Amino acid sequence: MNRTAIYPGSFDPVTLGHEDIVRRGAKVFDALTVAVGVNPGKSPLFAPEERVELLRQVFADLPNVEVASFEGLTVDFARRRGARVMLRGLRTVSDMEAEFTMALANHALAPDVETVFLMASERYSHISSTLIRQIAQMGRDAGREHLRHFVPGPVIEPMIAKFAG
Ligand code: COA
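Parameters at a glance
Residues numbered from 1 in each chain as written. Predicted model: local features only at pLDDT ≥ 70, side-chain atom pairs only at ≥ 80, totals over all residues. Heavy atoms only, no water. Helix = DSSP H or I, 4+ residues; strand = E, 2+ residues; numbered from the N terminus. Contact = heavy atoms within 4.5 Å. Areas by Shrake-Rupley, 256 points an atom, 1.4 Å probe, with all protein chains shown as cover. Lys, Arg positive; Asp, Glu negative; His and termini not counted. Charge placed at Lys NZ, Arg CZ, Asp CG, Glu CD. Near = heavy atom within 4 Å. Polar contact = N/O pair within 3.5 Å; in protein donor to acceptor, adjacent residues only side chain to side chain. Nonpolar A, V, L, I, M, F, W, Y, C, P; charged D, E, K, R; others polar. Phe/Tyr/Trp six-rings, centres within 6.5 Å; stacked < 30°, edge-to-face > 60°. Pairing = 2+ DSSP bridges. Axes fitted to C-alpha atoms, helices over the stretch in contact; angles between N-to-C directions. Patch = residues over 30% accessible without salt bridge, like charges linked within 9 Å, V, L, I, M, F, W, Y side chains within 5 Å. Salt bridge = Lys/Arg side-chain N within 4 Å of Asp/Glu carboxyl O. Buried < 20%, exposed > 50% of the residue type's maximum accessible area, 1.4 Å probe, protein only. Right-handed = clockwise from strand over helix to strand, strands pointing away.

Q: Help me get a handle on the overall build of the protein chain, residues and values and all.
A: The number of helices and strands found in the protein chain is seven helices and five strands. Starting at the N terminus, the α and β elements of the protein chain follow one another as β-α-β-α-β-α-β-α-β-α-α-α. Once the C-alpha set of the protein chain is aligned to its principal axes, its extents read approximately 50 × 35 × 30 Å. Pairs at least 24 residues apart make up 75% of the contacts formed inside the protein chain by residues separated by at least 6 positions. Summed over all atoms, the accessible surface of the protein chain reaches about 9300 Å², with 54% contributed by carbon and sulfur. For the protein chain, the centre of its 19 positive side-chain charges and the centre of its 20 negative side-chain charges are spaced 1 Å apart.

Next comes the structure, spelled out in structure tokens:
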């Protein structure tokens, strides 16, 4: 059986926590597509194409990982990719409520697509993209050094550039 999954998210920007989930997911599934979607409730820092480019750099060494962006419903994108699984990371118990709601809604929309959760590694369970955007914006000169603890290498300079000047 060919196990194909998508890992949808905003990835604004991709964090070390996301990277951990993708690297572990790539060992579980034969093919994994990291899918940059639009959360209508968020105003993004990076354009979708920029997020895709950064993700491609971060996962360039993983032959079974692809990166793509999509519009519309995540379940429709999963079906277009021939994926029966949507992978999501769970950081804390407080993530559960929103993730449950989303998984149930997605299951109602597409009963043939299952949501599978990986627990985030403990060392990354406090990271969020919002936190990282704040560090880049307010960290001033120390921002670069702080960011190293939260985002993959290729993300650091583009993050700094977004808030420069
Ligand atoms: N490490 C670090 N951060 C993590 C993480 C991990 N392992 N797992 C989740 N997060 C963080 C993200 O950084 C993000 O932080 P932020 O809110 O500060 O930006 C937050 O958790 C959740 O974001 P994300 O995982 O990107 O999901 P989302 O809730 O923004 O949803 C989509 C993004 C694209 C999956 C969702 O909006 C979607 O499905 N859109 C398409 C429309 C659709 O199908 N709607 C029906 C859904 S029921």
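Moving on, there is more to tell.
Q: I'd like to hear about the site of the ligand, residue by residue, with values.
A: Within the structure, the ligand sits among 25 residues, and Ser10, Lys42, Thr74, Ser129 and Thr130 are positioned closest to it. The separation between an oxygen atom of the ligand and a polar side-chain atom of lysine 42 is 2.8 Å. The contact in question runs from an oxygen atom of the ligand to an N or O atom on the side chain of arginine 88, over 3.2 Å. If you list the elements that add at least two residues to the shell around the ligand, you get β1 (4–9), α1 (16–28), α4 (93–109) and α5 (129–138). By residue class, the composition of the shell around the ligand is eight nonpolar, 13 polar and four charged.

Q: Run through the environment of methionine 1, naming residues and quoting values.
A: Within the secondary structure, methionine 1 is located in the segment before β1. Sequence separation between methionine 1 and aspartate 30 is 29 residues; the distance between their C-alpha atoms is 9.2 Å.

Q: Before we move on, could you go through the packing of aromatic side chains and cite the residues and values that matter?
A: One pass over the full model with this rule turns up two aromatic pairs. With a centroid separation of 5.3 Å and 70° between ring planes, the pair formed by tyrosine 7 and phenylalanine 11 is classed as edge-to-face.

Q: Just give me the short version of the sheet that holds β1, but keep the residues and values in it.
A: Either a parallel or an antiparallel arrangement is found when strands of a sheet pair, and the pairing is made through backbone hydrogen bonds. Strand order in the open sheet made by the five strands is β3-β2-β1-β4-β5, with parallel pairing throughout. Taken across any chain shown, the strands that pair with only one partner, and hence form the sheet edges, are β3 (65–69) and β5 (114–119). With direction set aside, neighbouring strand axes in the sheet form an average angle of 30°. Relative to the sheet, α4 contacts β4 (85–90) and β5, its axis offset from that of β4 by approximately 170°.

Q: Let's hear about a nonpolar patch on the surface: which residues, and what values?
A: On the surface, Val93, Met96, Phe100 and Leu104 cluster together into a nonpolar patch covering about 430 Å² of accessible area. Mapped onto the elements of the fold, methionine 96 is located in helix α4.

Q: I'd like a description of the pairing of β4, backed by residues and values.
A: The side chains of a regular strand alternate between the sheet's two faces. Most of β4 is tucked away, with six of its six residues classed as buried. In terms of strand pairing, β1 meets β4 through two bridges, oriented parallel. Among the inter-strand pairings, isoleucine 6 is bridged to a residue of β4, identified as methionine 86. Direction of pairing for β4 relative to β5: parallel, over a ladder of six bridges. By the bridge assignment for β5, methionine 86 is matched with threonine 115. Regarding topology, α4 serves as the crossover connection from β4 to the parallel β5, and that connection is right-handed.

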